[in-house]
Amino acid sequence: MFFLLSLSFSASCFELSRDFSSKHSYLLKTNNLTEQKKNIYGDNNFRSRLLSQYQKWRGTRYHFGGNSFRGIDCSALMQHLFRDTKNLSLPRTTREQILRGRDVMRHALQVGDLVFFRSGPEGRHVGVFIGNHEFIHASSSKGVIISTLKNKYWHSRFMTARRVTA
């Protein structure tokens, strides 16, 4: 009799646990989906402004130390994009830009986060994340373009990301 009661009690606990777990899981999924939408679509207006600025700079050749449509480097491009889309002033160099804002994990990137890459023993490269694994940057070989973080080259050189706020 004790064994039967114990078995019945265990089965009830299992059912209760499974029921609670599925409801809890549903709530977690709902909250994660809401959080995911905030992260990806949090500021569509900012993404649109970045893409609008990108259209102005698209194809501009890369020139180390450049700061104009005649030639621009990656950190100067970030200065222009942030000034013209967010009215936010960034330092001139990647060495200084990497110290701004707060650290962001790759899986938590949001539109407007700066993404940094190793470009040699001492070199750094910077772009701005625009969602869907893509970022705008001034490529030394192709000028101002949009690239994907899924690309083997960029994926293997990813260093860190920073969220810069006013």
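Residues numbered from 1 in each chain as written. Predicted model: local features only at pLDDT ≥ 70, side-chain atom pairs only at ≥ 80, totals over all residues. Heavy atoms only, no water.

Some points on the overall build of the protein chain
Counting secondary structure elements, the protein chain contains five helices and eight strands. For the protein chain, long-range pairs separated by at least 24 residues make up 52% of all intrachain contacts whose partners lie at least 6 apart in sequence. When the accessible area of the protein chain is evaluated, it comes to approximately 10,800 Å², of which 56% is carbon and sulfur surface. (Helix = DSSP H or I, 4+ residues; strand = E, 2+ residues; numbered from the N terminus. Contact = heavy atoms within 4.5 Å. Areas by Shrake-Rupley, 256 points an atom, 1.4 Å probe, with all protein chains shown as cover.)

Thoughts on the pairing of strand S7 (residues 143–148)
Here six bridges tie strand S6 (residues 134–139) to S7, and the two strands are oriented antiparallel to one another. Counterpart to Ala 138 in the pairing with S7 is Val 144. From the end of S6 to the start of S7, which pair antiparallel, there are three residues. (Pairing = 2+ DSSP bridges.)

A few points about the packing of helix H2 (residues 44–57) against helix H3 (residues 74–86)
Look at H2 against H3: their axes get within 9 Å of each other, and the N-to-C directions meet at 130 degrees. Relative to H3, H2 is oriented oblique. Handedness of the H2/H3 crossing: right-handed. Contacts between H2 and H3 involve Phe 46, Arg 49, Leu 50, Gln 53, Tyr 54 and Trp 57 on the former and, on the latter, Leu 77, His 80, Leu 81, Asp 84, Thr 85 and Lys 86. Split into classes, the residues belonging to the contact of H2 with H3 amount to six nonpolar, three polar and three charged. (Axes fitted to C-alpha atoms, helices over the stretch in contact; angles between N-to-C directions. Parallel < 35°, antiparallel > 145°, perpendicular 65-115°, else oblique. Left-handed = near helix turned anticlockwise from the far one by under 90°. Nonpolar A, V, L, I, M, F, W, Y, C, P; charged D, E, K, R; others polar.)

Remarks on H3
End to end, H3 covers 18 Å across 13 residues, agreeing with the expected 18 Å (1.5 Å per residue, within 8%). With ten of its 13 residues buried, H3 lies for the most part within the structure. When H3 is considered as a whole, its buried residues turn out to be Cys 74, Ser 75, Ala 76, Leu 77, Met 78, Gln 79, His 80, Leu 81, Phe 82 and Thr 85. Phi for Asn 87, located one or two positions after H3, is positive at around 50 degrees. (Expected span 1.5 Å × (residues − 1). Buried < 20%, exposed > 50% of the residue type's maximum accessible area, 1.4 Å probe, protein only.)

So, the sheet that holds S7
Taking strand neighbours across the sheet as the criterion, the six strands line up as S3-S8-S4-S5-S6-S7 in an open arrangement whose pairing is antiparallel. For this open sheet the edge positions go to strand S3 (102–104) and S7, each flanked by a neighbour on one side alone. Between one strand axis and the next, the sheet turns through 35 degrees on average, direction left out of account. Sheet analysis places strand S5 (residues 124–131) next to S6, joined by four bridges and oriented antiparallel. Residue pairing for S6: Val 128 is matched across the bridge by Ile 136.

Some points on the nonpolar core
One finds Leu 50, Leu 77, Met 78, Leu 81, Leu 114, Ile 136 and Val 144 to be the most contacted residues of the largest nonpolar core, which totals 24 residues. Secondary structure elements with two or more residues in this core: H2, H3, strand S4 (114–118), S5 and S6. A per-element tally of this core places H3 first, with six residues. Among residues more than four places away in sequence, those in contact with Leu 77 are Trp 57, Ile 72, Ile 136, His 137, Ala 138 and Val 144. Grouped together as the second largest cluster of nonpolar side chains are ten residues, Val 104, Phe 117, Phe 129 and Phe 135 included. (Core = buried A, V, L, I, M, F, W, Y, C linked by side-chain atoms within 4.5 Å.)

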